[in-house]
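Each chain, written out:
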Amino acid sequence: MSTPTTPTLADLREQAERDAKQAEESKAKLLEAAVEAAVTSTAYGHVTNVAREANITAQYLRELVERAHPGWLAKAAKKRDTDKAKAAAKRRPAGKRGGAAAA
(Lines give C-alpha, C1' and ligand atoms only; values in the text may rest on other atoms or scores of the structure.)
Protein backbone atom coordinates (compact mmCIF):
# COMPACT_ATOMS: atom_id res chain seq x y z
CA MET A 1 0.00 0.00 0.00
CA SER A 2 1.50 3.33 -1.01
CA THR A 3 1.17 6.44 1.06
CA PRO A 4 0.09 9.67 -0.61
CA THR A 5 2.88 12.14 -1.09
CA THR A 6 2.56 15.44 0.68
CA PRO A 7 3.22 18.38 -1.63
CA THR A 8 6.01 20.71 -0.65
CA LEU A 9 5.45 24.39 -0.04
CA ALA A 10 7.16 25.15 -3.35
CA ASP A 11 4.75 22.80 -5.15
CA LEU A 12 1.77 24.42 -3.47
CA ARG A 13 3.05 27.92 -4.31
CA GLU A 14 3.50 26.97 -7.97
CA GLN A 15 -0.01 25.52 -8.07
CA ALA A 16 -1.42 28.67 -6.46
CA GLU A 17 0.36 30.85 -9.02
CA ARG A 18 -1.03 28.75 -11.89
CA ASP A 19 -4.52 28.91 -10.38
CA ALA A 20 -4.28 32.68 -9.92
CA LYS A 21 -3.21 33.15 -13.54
CA GLN A 22 -6.09 30.95 -14.72
CA ALA A 23 -8.52 32.93 -12.55
CA GLU A 24 -7.31 36.23 -14.06
CA GLU A 25 -7.73 34.85 -17.58
CA SER A 26 -11.20 33.55 -16.78
CA LYS A 27 -12.22 36.89 -15.25
CA ALA A 28 -10.99 38.75 -18.34
CA LYS A 29 -13.03 36.45 -20.59
CA LEU A 30 -16.08 36.95 -18.39
CA LEU A 31 -15.78 40.75 -18.51
CA GLU A 32 -15.25 40.74 -22.27
CA ALA A 33 -18.31 38.53 -22.78
CA ALA A 34 -20.36 40.75 -20.44
CA VAL A 35 -19.47 43.87 -22.44
CA GLU A 36 -20.42 42.18 -25.70
CA ALA A 37 -23.69 40.91 -24.22
CA ALA A 38 -24.48 44.35 -22.81
CA VAL A 39 -24.28 46.07 -26.20
CA THR A 40 -26.69 43.64 -27.87
CA SER A 41 -29.75 45.56 -26.70
CA THR A 42 -30.66 49.14 -25.88
CA ALA A 43 -33.64 48.06 -23.77
CA TYR A 44 -34.04 49.72 -20.39
CA GLY A 45 -32.42 47.55 -17.69
CA HIS A 46 -30.53 45.30 -20.11
CA VAL A 47 -27.05 46.38 -18.98
CA THR A 48 -28.07 45.95 -15.34
CA ASN A 49 -29.41 42.46 -16.04
CA VAL A 50 -26.19 41.45 -17.82
CA ALA A 51 -24.16 42.80 -14.89
CA ARG A 52 -26.26 40.82 -12.44
CA GLU A 53 -25.78 37.65 -14.48
CA ALA A 54 -22.01 38.25 -14.63
CA ASN A 55 -21.97 38.97 -10.88
CA ILE A 56 -20.43 42.42 -11.29
CA THR A 57 -21.82 45.85 -10.45
CA ALA A 58 -23.83 47.60 -13.12
CA GLN A 59 -21.70 50.72 -12.81
CA TYR A 60 -18.50 48.73 -13.42
CA LEU A 61 -20.07 47.15 -16.51
CA ARG A 62 -21.12 50.60 -17.76
CA GLU A 63 -17.53 51.78 -17.35
CA LEU A 64 -16.26 48.75 -19.29
CA VAL A 65 -18.84 49.31 -22.03
CA GLU A 66 -17.89 52.98 -22.29
CA ARG A 67 -14.19 52.06 -22.62
CA ALA A 68 -14.84 49.41 -25.26
CA HIS A 69 -17.61 51.28 -27.13
CA PRO A 70 -17.27 55.03 -26.46
CA GLY A 71 -20.60 56.81 -26.67
CA TRP A 72 -22.69 53.62 -26.87
CA LEU A 73 -24.46 54.24 -23.56
CA ALA A 74 -25.54 57.74 -24.61
CA LYS A 75 -26.72 56.45 -28.00
CA ALA A 76 -28.68 53.68 -26.28
CA ALA A 77 -30.36 56.18 -23.95
CA LYS A 78 -31.23 58.43 -26.89
CA LYS A 79 -32.69 55.47 -28.81
CA ARG A 80 -34.81 54.49 -25.79
CA ASP A 81 -36.13 58.05 -25.53
CA THR A 82 -36.91 58.15 -29.26
CA ASP A 83 -38.67 54.78 -29.12
CA LYS A 84 -40.65 55.89 -26.09
CA ALA A 85 -41.76 59.09 -27.84
CA LYS A 86 -42.79 57.13 -30.96
CA ALA A 87 -44.80 54.69 -28.87
CA ALA A 88 -46.53 57.55 -27.05
CA ALA A 89 -47.35 59.23 -30.36
CA LYS A 90 -48.96 56.04 -31.65
CA ARG A 91 -51.15 55.77 -28.55
CA ARG A 92 -52.38 59.39 -28.81
CA PRO A 93 -53.40 60.55 -32.24
CA ALA A 94 -52.80 64.23 -32.96
CA GLY A 95 -55.57 66.49 -31.73
CA LYS A 96 -56.76 64.11 -29.02
CA ARG A 97 -54.75 65.27 -26.06
CA GLY A 98 -57.28 64.48 -23.37
CA GLY A 99 -58.59 66.98 -20.89
CA ALA A 100 -62.14 68.30 -20.63
CA ALA A 101 -64.41 68.01 -23.64
CA ALA A 102 -65.38 71.25 -25.36
CA ALA A 103 -68.97 72.30 -24.61
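A brief look at the structure comes next. (Residues numbered from 1 in each chain as written. Predicted model: local features only at pLDDT ≥ 70, side-chain atom pairs only at ≥ 80, totals over all residues. Heavy atoms only, no water.)

### Thoughts on the pattern of salt bridges
For the structure on display, the rule yields 2 salt bridges. Between arginine 13 and glutamate 17 there is a salt bridge whose closest N-O contact spans 3.7 Å. Separated by 4 residues within a single helix, arginine 13 and glutamate 17 lie in helix H1 (residues 9-38), roughly one turn from each other. We classify arginine 13 as partly exposed; its relative accessible area is 47%. Notably, a salt bridge pairs aspartate 83 with lysine 79, separated by 2.9 Å at the nearest N-O pair. Note that aspartate 83 and lysine 79 are positioned in helix H4 (residues 72-91) at a spacing of 4 residues, about one turn of the helix. (Salt bridge = Lys/Arg side-chain N within 4 Å of Asp/Glu carboxyl O. Helix = DSSP H or I, 4+ residues; strand = E, 2+ residues; numbered from the N terminus. Buried < 20%, exposed > 50% of the residue type's maximum accessible area, 1.4 Å probe, protein only.)

### Things to note about the side chain of histidine 46
Mapped onto the elements of the fold, histidine 46 is located in helix H2 (residues 46-54). At a separation of 3.4 Å, a polar atom in the side chain of histidine 46 contacts the side chain of threonine 40. (Polar contact = N/O pair within 3.5 Å; in protein donor to acceptor, adjacent residues only side chain to side chain.)

### Details of the nonpolar core
In this structure, Ala34, Ala38, Ile56, Leu61 and Val65 are the most contacted members of the largest nonpolar core, which totals 15 residues. Looking at this core, the elements that each hand over two or more residues are H1, H2, helix H3 (58-68) and H4. Residues contacting leucine 61, with those up to four places away along its chain left out, are Ala34, Val35, Ala38, Val47, Val50, Ala51 and Ile56. (Core = buried A, V, L, I, M, F, W, Y, C linked by side-chain atoms within 4.5 Å. Contact = heavy atoms within 4.5 Å.)

### Describing the packing of H1 against H3
It is the contact of H1 with H3, at a shortest axis distance of 9 Å, that shows an interaxial angle of 80°. Classified by the interaxial angle, the pair formed by H1 and H3 is roughly perpendicular. Contacts from Leu31, Ala34, Val35 and Ala38 in H1 reach Tyr60, Leu61, Leu64, Val65 and Ala68 in H3. Residues that form the contact of H1 with H3 fall into these classes: 9 nonpolar, no polar and no charged. (Axes fitted to C-alpha atoms, helices over the stretch in contact; angles between N-to-C directions. Parallel < 35°, antiparallel > 145°, perpendicular 65-115°, else oblique. Nonpolar A, V, L, I, M, F, W, Y, C, P; charged D, E, K, R; others polar.)

### Details of H3
Turning to H3, its buried residues number three or more, namely Ala58, Leu61, Leu64 and Val65. In a view along the axis of H3, the buried residues occupy a sector of 120°, so they form one face of it. Of the surrounding secondary structure, the elements contacted by the buried residues of H3 are H1, H2 and H4. (Arc of directions from axis to C-beta.)

### Here we look at unusual backbone geometry
Despite not being glycine, asparagine 55 has its phi angle at roughly 65°, a positive value. Of note, asparagine 55 is situated in the loop between H2 and H3.

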